[in-house]
Amino acid sequence: MKVEIEEFKCVGAGHCVVAAPEVFDQRDDDGVVILLDADPPEHEHENTREAAQLCPAAAILLLEKATST
Amino acid sequence: MTEAHTEPKSLPIAAREPQCPYQPAAELRALQKEAELPRVKVPSPLLGEFDAVAITRYEDVKDALGDSRLQMGFEFDPDKPRTMLNQPGNLLNYNGEGHSRLRRMLTGFFTIKRIRALRPMIEQVVADRLDEVEAAGQGADLVRLFSTPIPTQVICELLGVPYADRADFQRRAKVGLDVNTTLEVQVQNLKDMDEYMSGLVAAHRRSPGENMLGQVVRDFGHELDDDELTGIGNMLLIAGHETTASMLSASAALLLQNPEQLAVVRDEPEAVDRAIEELLRYVCPATIMPREAAEDFAVRDQEIRKGERVVFSILAANRDERDDVEGDPDTLDVRRPQRPHVTFGHGAHQCLGQQLARMELRVALPALFQRFPTLTLAVPDDEVDYRTTALVFGVNALPVTW
Ligand code: HEM
Ligand code: SF4
């Protein structure tokens, strides 16, 4: 899974930090999302999906790798 | 609920069942079932009664609020009377770039980290209020002694507004959210609010304090005029106490009527976060959100034309029957696996203060029931005095015994 963020969309609501603290953080000065891990390990995938789904600004993009080869 | 007094007209799009204020009214449920997007009349002292497309289904609410073609529809016009919708600084009156410019000046105060750091302060505020409830003795009114003072004191502390001034600004906030008032009353009310806040802003201009207002003046004072600073201050002061107070009162009332769920909140710390999310979904103090179509667009292939007003029902959307989520949405179940809600809105304007509100609820509710394990309502369930006609749903009084 690859994660991308679109900073300009972020409204600093912090859902991503709550859902997946290993993958996302927020800048101290303006609350904008920081991507900690653009290629999170398997056990973080569920949390990361939840973060993307909760994000009110659709600022988190997930590129799920196809499981079949 | 008993209808002892004559009810002022309530918003049909925000209507709650007369017998149970926690349930959307039958008319509202009927709107939600209609295949075609219904048009409704919405009363407003500021705009007069207006026609709007009603959006009531959860998926539609999320789709449409995430669409930048829907805008707030209020641009500041210095020649028109000042109202809450015609006030610089209030984030709800901005769109696009102008909105994110202002919002980014404030989001730093509401990051998860900052809110977590506030926990000890909030715990202290709550403990002090519980002492007062105890001192007041049997029959104490939780609205007056607990739900209202907690978020008021917290926002005063954060913002840098003297708590001693609360009687006046609480009254003005109530008027501001009352749909059964005239335009004249609203204009005068905002004038009073602006006068008060601009005094505080001027003081921070002279010597910026350590709190939010002072910090905003220090960091962005050169970019913001006094009008904008006043609007920011008023917005945070009103938004910061009224809704959270309603949430505390209504949650306490609901839990006191559901003792086995109250016990979960009181006794199971690890269950609290989820329980608060369910209470937020179920109570939803802010019931509607207005918008305007800046361009033509469609919801479920149905056209909404440029210039049409749109109104979202949070209450209906939170109770939407959905295939992808199990369980009956009309039952309060603090143990249920997450059921998503739009109590804080969605999209670019989603509540700025939501993490603060969550923290206050998570601290205050368990503390209340731990301090008074035998707490019960001092009036029969159906005599609790709810406020169902204002823009923010709430409880007028909540006498308790223990
Ligand atoms: C349980 C308590 C609360 C509820 C239910 C609530 C609800 C909402 C809702 C529904 C919106 C979106 C309105 C719209 O899109 O039209 C909103 C926006 C907002 N809320 Fe809250 N709120 C709560 C607490 C707070 C607190 C504690 C603060 C501040 C300290 C706050 C500050 C704001 C601000 C500034 C906005 C405007 C955001 C923007 O336009 O970008 N709210 N709130
Ligand atoms: S959830 Fe979305 S809007 Fe909120 S901080 Fe994360 S990226 Fe930004």
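Residues numbered from 1 in each chain as written. Chains lettered and ligands numbered in written order. Predicted model: local features only at pLDDT ≥ 70, side-chain atom pairs only at ≥ 80, totals over all residues. Heavy atoms only, no water.

Peer 1: Would you mind going over the site of ligand 1 with me for this structure?
Peer 2: All names here are of chain B. Around ligand 1 lies a shell of 27 residues, among which H99, R103, R291, H349 and C351 are the nearest. Here an oxygen atom of ligand 1 and a side-chain polar atom of H99 are 2.6 Å apart. Here H349 contributes a side-chain N or O atom positioned 2.6 Å from an oxygen atom of ligand 1. Those elements that provide at least two residues to the shell around ligand 1 are α3 (96-107), α11 (226-256), β4 (288-293) and α15 (354-371). Sort the elements by how many residues they give to the shell around ligand 1 and α11 lands first, with 6 residues. When the residues that make up the shell around ligand 1 are grouped by side-chain class, the tally is 17 nonpolar, 8 polar and 2 charged. (Near = heavy atom within 4 Å. Polar contact = N/O pair within 3.5 Å; in protein donor to acceptor, adjacent residues only side chain to side chain. Helix = DSSP H or I, 4+ residues; strand = E, 2+ residues; numbered from the N terminus. Nonpolar A, V, L, I, M, F, W, Y, C, P; charged D, E, K, R; others polar.)

Peer 1: It is not clear to me how the interface of chain A and chain B should be interpreted in this structure. Could you clarify?
Peer 2: In many analyses, interface size is given as the accessible surface area lost on bringing the parts together. Facing the 24 residues of chain A at the interface are 16 residues of chain B. Buried area between chain A and chain B, both sides added, is near 1,500 Å², and the carbon and sulfur share of it is 43%. Among the residues of chain A in contact with chain B, A:V11, A:D28 and A:P56 are the three that bury the most area, contributing 30% of the side total. Inspection of the region where chain A meets chain B yields 2 salt bridges. Linking A:D28 and B:K113 is a salt bridge whose minimum nitrogen-to-oxygen distance equals 3.0 Å. (Contact = heavy atoms within 4.5 Å. Buried area = accessible area lost by both parts, 1.4 Å probe. Salt bridge = Lys/Arg side-chain N within 4 Å of Asp/Glu carboxyl O.)

Peer 1: I would appreciate a short explanation of the packing of helix α8 (residues 166-176) of chain B against helix α9 (residues 183-206) of chain B in the present structure.
Peer 2: Packed helix pairs are characterised by how far apart their axes lie and by the angle those axes make with each other. All names here are of chain B. In contact at an axis separation of 10 Å, α8 and α9 are set at 145° when each is read in the N-to-C sense. Along this stretch, α8 crosses α9, giving a crossing that reads as left-handed. Across the interface between the two elements, F169, R172, V175 and G176 from α8 touch V185, Q186, N189, D192, M193 and Y196 from α9. Here the contact of α8 with α9 is composed, by residue class, of 5 nonpolar, 3 polar and 2 charged. (Axes fitted to C-alpha atoms, helices over the stretch in contact; angles between N-to-C directions. Left-handed = near helix turned anticlockwise from the far one by under 90°.)

Peer 1: Teacher, can you tell me more about the coordination of the iron atom of ligand 1 here?
Peer 2: When four donors bind a metal tetrahedrally, each ideal donor-metal-donor angle is 109.5 degrees, and when six bind octahedrally, the ideal angles are 90 or 180 degrees. Looking at the protein side alone, the iron atom of ligand 1 has one donor only, B:C351 (SG), at 2.3 Å. By the element assignment, B:C351 lies in the loop between α14 (314-318) and α15. (Donors = N, O, S within 2.8 Å, 3.2 Å for Na, K, Ca; no water.)

Peer 1: Where do I start with the site of ligand 2 in this structure?
Peer 2: Every residue near ligand 2 is listed here: A:C10, A:V11, A:G12, A:A13, A:G14, A:H15, A:C16, A:V33, A:C55, A:A59 and A:I60. Its residues placed into classes, the shell around ligand 2 shows 8 nonpolar, 3 polar and no charged.

Peer 1: I would appreciate a short explanation of unusual backbone geometry in the present structure.
Peer 2: Peptide bonds are mostly trans, and most non-glycine residues show a negative phi. Residue and element names in this part refer to chain B. Of note, the phi angle at R300 is positive, near 45°, even though the residue is not glycine. Looking at the element boundaries, R300 is found in the loop between β5 (297-299) and β6 (302-304). In this structure, D301 takes a positive phi of about 65° despite not being glycine. Along the chain, D301 falls in the loop between β5 and β6. Take D301: its relative accessible area is 79%, and that puts it in the exposed class. (Buried < 20%, exposed > 50% of the residue type's maximum accessible area, 1.4 Å probe, protein only.)

Peer 1: Got a minute to help me understand the packing of aromatic side chains in this structure?
Peer 2: Each aromatic ring pair is specified by the distance between its two centres and by the angle formed by the two planes. Residues and elements named next belong to chain B. Under the definition given, this model contains 6 aromatic pairs over all chains. With centroids separated by 4.5 Å and ring planes inclined at 40°, the aromatic side chains of F372 and W402 adopt a geometry described as tilted. Remark: W402 occurs in the segment after β11 (400-401) and F372 occurs in the loop between α15 and β8 (376-377); sequence separation between them is 30 residues. Taking 6.0 Å as the distance between ring centres and 15° as the angle between the ring planes, the aromatic pair formed by Y386 and F393 counts as stacked. By way of ring pairs, the aromatic residues Y22, Y282, Y386 and F393 are connected into one cluster. (Phe/Tyr/Trp six-rings, centres within 6.5 Å; stacked < 30°, edge-to-face > 60°.)

Peer 1: Could you clarify how one ought to interpret the pattern of salt bridges in this entry?
Peer 2: Residue and element names in this part refer to chain B. For the structure shown, the criterion picks out 35 salt bridges over all chains. Close ionic contact of D330 with R29 constitutes a salt bridge, the shortest N to O distance being 3.1 Å. Here the residue D330 occupies a position in the loop between α14 and α15, and R29 occupies one in helix α1 (residues 26-33), the gap between them amounting to 301 residues. For R281, the salt bridge goes to E278, with nearest N and O atoms at 2.9 Å. Of this pair, R281 and E278 are both found in helix α13 (residues 272-283), 3 residues apart, which corresponds to roughly one turn of the helix.

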